[in-house]
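Architecture at a glance
Listed here are the chains, written in short residue letters.
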Amino acid sequence: MSERTQRRLVPDWMSPSAERLQSKITSLEVSLNEFEARQLTDEQKRVVGICKVYLGRAHDLLDRPAFGPKFPFLSHKHPHLVWELLHRVDEQLILLMTPEEFAGKAVEIKTAFDLNITEEKSRADWIGPKGRLIGVIDRVNNGNATPADHATAKDALQQVNEQMDRSFWQLSANTLTSLWSAMILGLLLVLAWCLHDGNALHGLAQGGLEAHSKTLLVLGLMGAYVSNVLTREDFLYVRGGPFFRYFLLHLLAKPLMGAFAALFVFVLEKSKLLFAIVTPDGSAGHAAASQLITINVGTADAGYVYAALAVASGFGADKLLRSTFDNVLKRLEQRAEKTKDSAGN
């Protein structure tokens with residue numbers, strides 16, 4: 001058992017990700033040992049030293065215990081960074097390959113580039129008819145490959161690896177956001193169940209904002225967290241950018257906007273500026289003007305329609321508020337012009 005293995009205080013139980021990382025590290029170490037056993041130039045020896053630095057750093061980040069005295073119950077591991085370091089080793093090993101090994105690797109890089117890179121300019125530059133990587137493969141097949149071709153293939157593989165790292169980070173961020181959103185949504189459901197008033201939803205058809213603000217806020221928050229669970233965002237991948245900015249955007253800022261949207265839509269309906277919920281007996285609103293959008297519902301169902309609107313408003317708050325504010329301002333302008341014309345007459 002190695003010293004690194006002995007340092008591990010907590011094993012990775014049932015963790016395919018950690019197992020895959022350990023397998024990748026072992027594979028790279030074996031490959032590096034094979035290269036190191038050859039007759040290497042001084043430049044290649046320098047490359048071997050760089051690879052060892054990357055692998056040593058990857059070991060340090062992966063072998064940290066899951067429980068520590070300074071941060072109990074918090075993992076100190078950084079799988080995203082470990083994968084980036086291992087990808088750097090993969091790229092450096094290209095500089096140590098023989099012509100035969102490099103021929104197969106160049107074709108493998110071209111296939112990976114074609115599968116992972118979608119940006120048209122990059123594809124044309126690298127794997128187009130006159131692409132740099134295509135030129136490398138042609139020279140390799142003709143037996144005319146140079147050290148510069150190894151460096152070119154290394155740059156192409158780096159682009160592929162960076163795209164994979166970016167996708168992995170975005171997937172991880174989306175999964176984490178969905179997990180926390182589902183937990184908060186569950187907490188809201190439990191609180192609503194424990195503290196609910198049996199007439200809370202049905203009563204939304206009567207009374208004003210003051211009487212129903214808490215119910216509307218909770219419904220708007222629920223809609224926002226459901227949106228986080230069901231949708232996938234292309235998180236902005238900024239090197240060095242604090243992750244919690246994006247995390248709090250989805251777990252705090254957007255839910256607060258969803259809660260506001262639920263309140264705003266309720267006020268908008270009560271004002272009869274854009275739409276109105278109309279029941280046969282008129283208990284949920286007066287007869288709407290012809291230019292308004294009307295939602296005709298049964299008297300017993302009106303409260304549940306308000307609740308559904310609140311949840312839907314929280315779900316799509318960012319899109320809803322942009323268009324709704326424009327429509328409200330236009331309607332206010334129209335009413336102001338009518339009032340002005342009436343006063344002039």
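Small disclaimer: the values here were computed from a predicted structure and weren't measured.

Along the chain, the position of Q44 falls in helix α3 (residues 42–62). Residue Q44 is classed as buried on the basis of its relative accessible area, which comes to 18%. Those residues in contact with Q44, other than ones at most four positions away along the chain, are Q39, L95 and L96.

Among the nonpolar cores identified, the biggest contains 35 residues, and L86 and L93 are the most heavily contacted of them. Listed by contribution, the elements that provide at least two residues to this core are α2 (16–36), α3, α4 (79–93), α5 (99–116), α6 (120–127), α7 (132–141) and α8 (147–195). The element best represented in this core is α3, accounting for seven residues. Leaving out residues up to four positions away in the same chain, L93 has contacts with L28, S31, L32, F35 and C51. Formed by 24 residues, the second largest nonpolar core is a distinct cluster that contains L268, A302, A307 and V328.

For the rest of this paragraph, the subject is the UniProt feature "transmembrane region" (unreviewed entry) in the chain. Those residues carrying the UniProt feature "transmembrane region" (unreviewed entry) are residues 171–193 and 243–268 in this numbering. Across residues 171–193, the secondary structure splits into 100% helix and 0% strand, with the terminal C-alpha atoms separated by 33 Å.

This part takes up the side chain of N161. By secondary structure assignment, the location of N161 is in helix α8. Overall, N161 belongs to the buried group, its relative accessible area being 5%. At a separation of 2.9 Å, a polar atom in the side chain of N161 contacts the side chain of E91. The contacts of N161, once residues within four sequence positions are left out, are H87, R88 and E91.

Tallied over the entire structure, the rule returns ten salt bridges. Of the charged contacts in the structure, one is a salt bridge between E36 and K52, with a shortest N-O distance of 2.7 Å. Of this pair, E36 sits in helix α2 while K52 is found in helix α3, placing the two residues 16 residues apart along the sequence. The class of E36 is partly exposed, set by a relative accessible area of 35%. Classification of K52 as partly exposed rests on a relative accessible area of 43%. The salt bridge partner of E43 is R46, with a shortest N-O separation of 2.5 Å. Taken as a pair, E43 and R46 lie in helix α3 at a separation of three residues, close to a single helical turn. A relative accessible area of 47% places R46 in the partly exposed class.

Further remarks concern the packing of α4 against α8. For the pair α4 and α8, interaxial distance at closest approach is 10 Å and the crossing angle is 165 degrees. Considering their axes alone, α4 and α8 lie roughly antiparallel with respect to each other. The element α4 and its partner α8 pack so that their crossing is right-handed. Taking contact as the criterion, the partners of H80, W83, E84, H87, R88, D90, E91 and Q92 in α4 are, on α8, K154, L157, Q158, N161, E162, D165, F168, W169 and S172. Per-class residue counts for the contact of α4 with α8 are four nonpolar, six polar and seven charged.

Calculation rules
- Residues numbered from 1 in each chain as written.
- Predicted model: local features only at pLDDT ≥ 70, side-chain atom pairs only at ≥ 80, totals over all residues.
- Heavy atoms only, no water.
- Helix = DSSP H or I, 4+ residues; strand = E, 2+ residues; numbered from the N terminus.
- Buried < 20%, exposed > 50% of the residue type's maximum accessible area, 1.4 Å probe, protein only.
- Contact = heavy atoms within 4.5 Å.
- Core = buried A, V, L, I, M, F, W, Y, C linked by side-chain atoms within 4.5 Å.
- UniProt positions renumbered as here; feature names shortened; annotations may be inferred.
- Polar contact = N/O pair within 3.5 Å; in protein donor to acceptor, adjacent residues only side chain to side chain.
- Salt bridge = Lys/Arg side-chain N within 4 Å of Asp/Glu carboxyl O.
- Axes fitted to C-alpha atoms, helices over the stretch in contact; angles between N-to-C directions.
- Parallel < 35°, antiparallel > 145°, perpendicular 65-115°, else oblique.
- Left-handed = near helix turned anticlockwise from the far one by under 90°.
- Nonpolar A, V, L, I, M, F, W, Y, C, P; charged D, E, K, R; others polar.

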